[in-house]
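In case you want the letters, here they are:
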Amino acid sequence: MAASVNPARSYMELSAAEREISRRNFRDINLRPDVNLVIGGPKHSDCAGGYCYNESNNLLSATRNRFLHWTSSGDTLELVEISLDINLLNNAVRLKILNCSILPGGVHVCETQNNIIILILTNQTVHRLVLPHPSRMYRSEIITESHIQSIFTEIGKSNLLEPSNSYVIPTVPGRAPNSTASAAWLSSDGETMFAFPSASGGILVIKMPPHDMEGKAVSTE
């Protein structure tokens, strides 16, 4: 079915014959944060979610018809970038955070003008993945008209455990160890916040500095 001529309504129905469907190959990346395996700890349920780019419905945008999808199970997070009208290369990553369990709903995507930022919360750590926005890599990463590099292409070259983007949750008296409740967001000045409840009714907040500034994450309650 042909795409609509309205650039603000670009979704279209595609059959298998209208595009190449390739077998998805995940690249494996292992993170080894400085934590110990919690014997007999809670087993969190598997979770999945997706993200629609701000301008995915605009035919003139580099993110037209492009989406992010993820699934989590235990210590493993699978991230996939999907396009309805082009083939994205290196678009599937399997991230394993050893000795940690990803919380249900513990994956959040934030979009800025220059970056896609993925926030991950586990039972022992928090992480921030900073990736290039498709509009910032579009021209230089074109392979052919129908093949373009995904935002996950260079993720293996990043130091995902550097202090400004990874933090071990401190042992705080009264923190509810079995709680799966959490929140994460990006502030207007670029700081990243993670929040967890405590048994006393308070909130443990972990703050990371803007990704383009030097500094380490800190926690307050």
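Refer to the structure printed above.
A quick note: this is a predicted structure, and the numbers were derived from the prediction, not measured.

**A closer look at the overall build of the protein chain**
Item 1. A count of helices and strands for the protein chain gives one helix and 16 strands.
Item 2. For the protein chain, with 221 residues in total, the buried portion stands at 42%.
Item 3. In the protein chain, the proportion of contacts linking residues at least 24 apart, taken out of those at least 6 apart, comes to 55%.

**Describing the sheet that holds strand β15 (residues 203-208)**
Item 1. A sheet is described by the order of its strands in space; here four strands give the open sequence β13-β14-β15-β16, paired in antiparallel fashion. Only two strands of the sheet have a single neighbouring strand rather than two, namely β13 (183-186) and β16 (218-220). Between one strand axis and the next, the sheet turns by 20 degrees as a mean value, whatever way the strands run.
Item 2. Bridge analysis of β13 against strand β14 (residues 192-197) gives four bridges, and the strand direction is antiparallel. Note that in β14 the partner of A183 across the bridge is A195.

**Observations concerning the pattern of salt bridges**
Item 1. Under the criterion given, the structure shown has six salt bridges.
Item 2. Here E81 ties to R66 by a salt bridge, and the two come within 2.8 Å at their closest N and O atoms. Here the residue E81 occupies a position in strand β4 (residues 76-83), and R66 occupies one in strand β3 (residues 66-73), the gap between them amounting to 15 residues.
Item 3. For the salt bridge of E191 with K207, the shortest nitrogen-to-oxygen distance reads 4.0 Å. Highlighted residues: E191 in the loop between β13 and β14 and K207 in strand β15, separated in sequence by 16 residues.
Item 4. By relative accessible area, which is 33% here, K207 ends up partly exposed.
Item 5. Linked through salt bridges whose partners overlap, the residues forming this network are D28, E78 and R94.

**Section: the nonpolar core**
Item 1. L95, I118 and F152 are the most contacted members of the largest nonpolar core, which totals 26 residues.
Item 2. Those elements that place two or more of their residues in this core are β1 (27-31), β3, β4, β6 (92-97), β7 (102-111), β8 (115-122) and β9 (125-132).
Item 3. What F152 contacts, discounting residues up to four positions off in sequence, is R27, L68, L79, V80, E81, N90, N91, V93, I118 and L131.
Item 4. Counting 15 residues, the second-largest nonpolar core is a separate cluster that includes C110, I117, L119 and A217.

**Side note on unusual backbone geometry**
Item 1. Its identity as a non-glycine residue notwithstanding, N65 has a phi of 55 degrees, on the positive side.
Item 2. Along the chain, N65 falls in the loop between β2 (47-52) and β3.
Item 3. In this model, N99 sits at a positive phi of 70 degrees, which is unusual for a non-glycine residue.
Item 4. As for its placement among the helices and strands, N99 is situated in the loop between β6 and β7.
Item 5. According to the relative accessible area criterion, N99 is partly exposed, its value standing at 34%.

**Some points on the sheet that holds β2**
Item 1. Here we have five strands laid out as an open sheet, ordered β1-β6-β4-β3-β2, and mixed in their pairing. Two strands close off the open sheet at either side, each with one partner strand: β1 and β2. If you compare each strand with its neighbour and ignore which way they point, the axes differ by 20 degrees on average.
Item 2. Looking at chain direction, β4 and β6 are connected through five bridges and run antiparallel. Pairing of L79 across the sheet is with V93, part of β6.

Reading guide: rules and limits
Residues numbered from 1 in each chain as written. Predicted model: local features only at pLDDT ≥ 70, side-chain atom pairs only at ≥ 80, totals over all residues. Heavy atoms only, no water. Helix = DSSP H or I, 4+ residues; strand = E, 2+ residues; numbered from the N terminus. Buried < 20%, exposed > 50% of the residue type's maximum accessible area, 1.4 Å probe, protein only. Contact = heavy atoms within 4.5 Å. Pairing = 2+ DSSP bridges. Axes fitted to C-alpha atoms, helices over the stretch in contact; angles between N-to-C directions. Salt bridge = Lys/Arg side-chain N within 4 Å of Asp/Glu carboxyl O. Core = buried A, V, L, I, M, F, W, Y, C linked by side-chain atoms within 4.5 Å.

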